[in-house]
Amino acid sequence: MKPSQANRNLKSKPPRISAATRRLVTAYDVARAAGVSQSAVSRAFSPGTSISKLTLSKGEKASRELGYRPNAIARMLSTSRSHLVGVVIPPLDNPFYPALLEMLSAAFGRIGYRLLLFTSQSQQTFDPLLSEVLSSRVDALVMVAAAISSSFADECKQSGLPVVLLNRKTDSHNVSSVVGASEVGAETIARFLHAGAHRRYAFIAGSESSTSRDREAAFKKYLSQHDLKLHARVDGNYSFEQTRIVMRSLLSMKHRPDAIFCVNDHTALAAINVAKIEFGLEVGRVLSIVGVDDSEMAGWPIFDLTTYGQPIALMVEHVVESIRMQLAGKLKRTEVVVPGELVV
């Protein structure tokens, strides 16, 4: 290789800086470059804090030029907060939950928090998961999973951790909750099916949770008030596969139901699959199937499910506000019921 070519190659390749020798840019470096205080730089990266537009502009400009990124661990040590919100959630095969998580993530992100997920299985006891949650240094907890016992929330609350139950509630007077209007929704569905002159009503329940219990009780109450009886009741356990099994048993009855109220859309979609594919029934004519949630999949033309919608965005808004107030020490307990509507 000629000397001139070697020189050109050396010029074209900048020297490598190892990770060991590279120094991280600190808030002090940014403050010095911007001509502002170090505390001003910290506030510039903390959502909701007050800082002048000029100081913010200087800090952001210097941060971009120096490639500064806030140190989450340092912030946690200085504020005694992790800026993490734990979410205990069931398996994500139900499309309602991914949509809910997406909205929770966006809403908490707007106030400077990120989510840490804890998934629960239907038969899981709460003790191991409780230890995991309390050792994770989350600042608050949102409980969505129906399988987790109410005492789990009480234990967290007693340890000083702000807790909100979402889409479920408890008889405890210590824990806040945000739920859809389960009783109103079930009564609305019962009225809708009654208007269709059905004769044999069935209910596919979930696990032993407040959500399933309240919907079933309201459905039965309406039937009783109109001299109607619940023809059959089975437990789908919020599981697609389990619902398929119990749906086969319903449709194999000598006098099978002609109207089925499913505890949620996930259950209803499983029921429709069995009715259409395995039994060749025309759902909507010889058999009515109704769910709850108004999930995106429920509106697909292949299903076109009648359902009682739950306004997820509004429910999430109430959850975030409850957590924010609890963190500020301004809220003891609230129980919010968010109304929905029948989507035919």
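Counting restarts for each chain, with residues numbered from 1 along the sequence as it is written. Residue-level local features of this predicted model are given only where pLDDT is at least 70; pairs of side-chain atoms are given and counted only at 80 or more, and the full residue set underlies all totals for whole chains, interfaces and linings. Side-chain metrics in this entry use all non-hydrogen atoms of the structure; hydrogen atoms and water are not considered.

(A) Molecular detail of the overall build of the protein chain. Secondary structure elements are taken from DSSP: a helix is a run of H or I of four residues or more, a strand is a run of E of two residues or more, and numbering for both begins at the N terminus. Of regular secondary structure, the protein chain possesses 13 helices and 12 strands. Three labels apply to residues, based on accessible area from a 1.4 Å probe with only protein chains included: buried if under 20% of the type maximum, exposed if over 50%, partly exposed otherwise in between. Relative to its full complement of 344 residues, the protein chain shows a buried share of 44%. Total accessible area on the protein chain stands at roughly 18,600 Å², and carbon and sulfur atoms take up 53% of it. Computed by Shrake-Rupley with a 1.4 Å probe, the accessible areas treat only the displayed protein chains as cover when residues are assessed.

(B) A look at the pairing of strand β7 (residues 230-235). Pairing of strand β6 (residues 201-205) with β7, which is carried by 5 bridges, proceeds in the parallel orientation. Within β7, the position partnered with Phe203 by the bridge is Arg233. Note on the crossover from β6 through helix α10 (residues 210-225) to β7: the handedness is right-handed. In short, DSSP must find at least two bridges between two strands for them to pair. The path from the first strand over the helix to the second decides the hand: if it runs clockwise while the strands point away from the viewer, the crossover is right-handed.

(C) The arrangement of the pattern of salt bridges in detail. The term salt bridge refers to a side-chain nitrogen of Lys or Arg lying within 4 Å of a carboxyl oxygen of Asp or Glu. The tally for this structure, following the rule as stated, stands at 11 salt bridges. Across the pair Glu183 and Lys169 runs a salt bridge, and its minimum N-O distance is 3.9 Å. With a gap of 14 residues between them, Glu183 in helix α9 (residues 182-195) and Lys169 in the loop between β4 (163-166) and β5 (176-180) connect regions that are remote in the sequence. Overall, the relative accessible area of 36% leaves Glu183 in the partly exposed class. A residue is classified by how much of its surface remains accessible, and Lys169, at 23% relative accessible area, is partly exposed. With a closest N to O distance of 2.8 Å, Arg191 and Glu187 form a salt bridge. Placement of both Arg191 and Glu187 in helix α9 is noted, with a separation of 4 residues, approximately one turn of the helix.

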